[in-house]
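# Fold and contact review
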Amino acid sequence: WRIFRVAADPRRAIVKGSRHGRSLSERIVSGGMQTLATILLRTRLTEINAQPKMFHRDLLACLPNPPVDLNFDLYVLYVARQCGWRIVSFPVSFPPRQHGQSSWATSWRSKARTIGRSMKYMLSLALETPPRLPATLANATEVAKKRAAA
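Residues numbered from 1 in each chain as written. Predicted model: local features only at pLDDT ≥ 70, side-chain atom pairs only at ≥ 80, totals over all residues. Heavy atoms only, no water.

Per-residue pLDDT for the protein has a mean of 79; in total, 75% of the residues score no lower than 70. Across the protein, the secondary-structure element scoring lowest on mean pLDDT is helix 5 (residues 137-149), at 56, and the one scoring highest is helix 2 (residues 24-41), at 90. (pLDDT = per-residue confidence, 0-100. Helix = DSSP H or I, 4+ residues; strand = E, 2+ residues; numbered from the N terminus.)

Take a look at the structure:
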């Protein structure tokens, strides 16, 4: 909350985690995915699947057709950048998992499928012409107000 509150304009900022303490293979996969996203979407994106994220509800109006899978984080960051929002990161420790099991990274095959789906989604976003984004953040804010009043 402190980071969110001290942002220059908290109504136009996303606060997100920057993962630390991960294995070399996890860092390589994440680094490759964020590099691919940055190239395909022509906007600098880091830690595209890092948790958690906080943002003002006005951003919801900029999310006309969000995915309902692991690509949601990428979509939120991409749309926020397109709408001119600032992304602020803070360090989050990711020690080795002590309990439970990943729901998607159960084997190299499942990781490859997830990475493939993410790459396909990035490509679909990159090829979308024009992007399905509000023309201005002011328009998005008005849409949010109308939705709240309904």
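Residues spaced three or four apart along an α-helix point in a common direction, a consequence of the helix completing one turn every 3.6 residues. With 20 residues, helix 4 (residues 108-127) should cover 28 Å at 1.5 Å per step; its first-to-last C-alpha distance of 28 Å lies within 8% of that length. The inward-facing, buried residues of helix 4 contact helix 2 and helix 3 (72-82). (Expected span 1.5 Å × (residues − 1). Contact = heavy atoms within 4.5 Å.)

In this section: the environment of A37. Structurally, A37 is set in helix 2. Look at A37 and you get buried, because its relative accessible area is 0%. Not counting residues up to four positions away in its chain, the partners in contact with A37 are R42, T43, L45, I48, L74 and M122. (Buried < 20%, exposed > 50% of the residue type's maximum accessible area, 1.4 Å probe, protein only.)

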